[in-house]
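The primary structure of each chain is shown beneath.
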Amino acid sequence: LIGDTLNLGGTEGQFVELACALDRRRFDLHVACLSAEGPLRPQLERAGIRPWSCGAGSLKSPRLAAALWRLRWYIRQHRIRIVHSFDFYSNIMGILAGRWARGPEIIASQRNLGDLRAPAETRIHNALLRFASRLLVNSDAIAERVRQARSIDDQRIVVVPNGLDLARFSGVPRRPSAAPRIGTVANLRPEKGHRDFLEAAALVHRRIPRASFVIAGDGPLRPELERQARDSGIAETVSFLGWRPDIENVLADLDVFDL
């Protein structure tokens, strides 16, 4: 399995969940990331998995060729039969090194609509996807977008929705609330829609002044969002929780979850 990072995020969480849940009686598991550091690393280590860093720091780095050579050598040395990459940069590394190693089946992934990157990067990614054995997408909408882009033959696209460990979310005690608590969970990036959430929060606040609002997650948009909350006059009712590993507890305290 090859991921981009071990920071908190949806794709990263799926990467770690799958690594920890794979049946070791059936799979000899190896885990790498372009940068194998981040808050999710301890979860892997508790499962007895030691991820290693296989990246060059940047696709424009002069060390990229050496990083690809190391990954190719690793695949051949350990007789890897399946290379499964999870995100943009790891797809590029996994496809190139895997094809260079001339052995493994390559499962690439696309877990967004493909409209978050510069056009040049998107063209490179779409061109490389043609060399994957399979492309895993996590929704029908993404599958349709890939078909429209003609990135890969239709019969090689496989839809696998994100998995969820239901046991993690069952039996979590819920604290009673005297007023509605409304919240959302996502990294604070433009495409996640937090600006819309705060606009809606201001509207709700006018009708239900007792309502409170919760944003779990962090990222580059946080200063702007905090300023928007102040300018809207709702700063006292909005809690920015930052990154939280115990999302099950955050959700249990909400009356309404906004996606």
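Overview of the structure. (Residues numbered from 1 in each chain as written. Predicted model: local features only at pLDDT ≥ 70, side-chain atom pairs only at ≥ 80, totals over all residues. Heavy atoms only, no water.)

1. As for the packing of helix α3 (residues 64-77) against helix α4 (residues 88-101)
Contact geometry for α3 and α4: axes closest at 8 Å, N-to-C directions at 55°. The angle between α3 and α4 places the two elements in the oblique class. Once α3 is placed against α4, the crossing between them reads as right-handed. On α4, the residues that touch Leu64, Ala67, Leu68, Trp69, Leu71, Arg72, Ile75 and Arg76 of α3 are Met93, Leu96, Ala97, Gly98, Trp100 and Ala101. Across the contact of α3 with α4, the residue classes break down as 11 nonpolar, one polar and two charged. (Axes fitted to C-alpha atoms, helices over the stretch in contact; angles between N-to-C directions. Helix = DSSP H or I, 4+ residues; strand = E, 2+ residues; numbered from the N terminus. Parallel < 35°, antiparallel > 145°, perpendicular 65-115°, else oblique. Left-handed = near helix turned anticlockwise from the far one by under 90°. Contact = heavy atoms within 4.5 Å. Nonpolar A, V, L, I, M, F, W, Y, C, P; charged D, E, K, R; others polar.)

2. With respect to the sheet that holds strand β1 (residues 2-3)
The three strands are arranged β1-β2-β3 in an open sheet whose pairing can be described as parallel. Strand pairing shows two members of the sheet lacking a second neighbour, β1 and β3 (52-53), which therefore form its edges. In the sheet, β1 pairs with strand β2 (residues 32-33) via two bridges, with the strands oriented parallel. The residue bridging Ile2 from the neighbouring strand is Ala32, located in β2. (Pairing = 2+ DSSP bridges.)

3. A short note on a nonpolar patch on the surface
Taken together, the side chains of Leu164, Leu166, Phe169, Leu251, Phe257 and Leu259 define a hydrophobic patch exposed on the protein surface, amounting to about 660 Å² of accessible area. Considering the arrangement of structural elements, one finds Phe257 in strand β11 (residues 256-257). Relative accessible area serves as the criterion here: at 42%, Phe257 is assigned to the partly exposed category. (Patch = residues over 30% accessible without salt bridge, like charges linked within 9 Å, V, L, I, M, F, W, Y side chains within 5 Å. Areas by Shrake-Rupley, 256 points an atom, 1.4 Å probe, with all protein chains shown as cover. Salt bridge = Lys/Arg side-chain N within 4 Å of Asp/Glu carboxyl O. Buried < 20%, exposed > 50% of the residue type's maximum accessible area, 1.4 Å probe, protein only.)

4. Examining the sheet that holds strand β6 (residues 134-137)
With respect to topology, four strands assemble into an open sheet ordered β4-β5-β6-β7, the strand pairing being parallel. Bordering the open sheet on either side are β4 (82-84) and β7 (157-159), each of which pairs with just one other strand. Direction aside, the axes of adjacent strands within the sheet are offset by 25° on average. Where β6 meets β7, three bridges bridge the pair, whose relative direction is parallel. Residue pairing in the sheet places Leu136 in a bridge with Val158 of β7.

5. Some remarks on α4
A rise of 1.5 Å per residue sets the reference length of α4, with its 14 residues, at 20 Å; its end C-alpha atoms lie 20 Å apart and thus fit the reference within 8%. Extensive coverage of α4 is indicated by the burial of 10 of its 14 residues. Those residues of α4 that sit buried are Phe88, Ser90, Asn91, Ile92, Met93, Gly94, Ile95, Ala97, Gly98 and Ala101. Just downstream of α4, Arg102 is the residue with a positive phi angle, here 55°. (Expected span 1.5 Å × (residues − 1).)

6. A few points about the side chain of Gln228
By secondary structure assignment, the location of Gln228 is in helix α9 (residues 222-231). Among the residues examined, Gln228 registers a relative accessible area of 16% and is labelled buried. If we skip the residues at most four places from it in the chain, Gln228 touches Arg195, Leu198 and Glu199.

7. Some words on the packing of aromatic side chains
Scanning the model with the defined rule gives five aromatic pairs in all. Measuring from centroid to centroid gives 5.0 Å for Phe15 and Phe86, while their planes differ by 85°, and the two rings are edge-to-face. Within this pair, whereas Phe15 is found in helix α1 (residues 10-21), its partner Phe86 is found in the loop between β4 and α4, the two being separated by 71 residues in sequence. Note on Trp69 and Trp100: the rings are 5.4 Å apart at their centroids and 65° apart in plane angle, and the pair reads as edge-to-face. You can see Trp69 sitting in helix α3 and its partner Trp100 sitting in helix α4, a full 31 residues away along the chain. Here Trp69 falls in the partly exposed class, since its relative accessible area comes to 46%. Residue classification places Trp100 among the partly exposed positions, given a relative accessible area of 37%. Across from the ring centre of Trp69, 4.9 Å away, lies the NZ or CZ of Arg72, which sits over that ring. (Phe/Tyr/Trp six-rings, centres within 6.5 Å; stacked < 30°, edge-to-face > 60°. Lys NZ or Arg CZ within 6 Å of the ring centre and 35° of its normal.)

8. Observations regarding the state of the cysteines
Disulfide: a covalent bond connecting the sulfur atoms of a pair of cysteines. A full pass over the atoms with the stated rule returns zero disulfides. Looking at the unpaired Cys20, the closest cysteine sulfur is the one in Cys33, lying at 12 Å. Summary of cysteine pairing: Cys54 is not part of a disulfide, and the nearest cysteine sulfur, belonging to Cys33, is at 7.3 Å. Relative accessible area serves as the criterion here: at 1%, Cys54 is assigned to the buried category. (Disulfide = S-S within 2.5 Å.)

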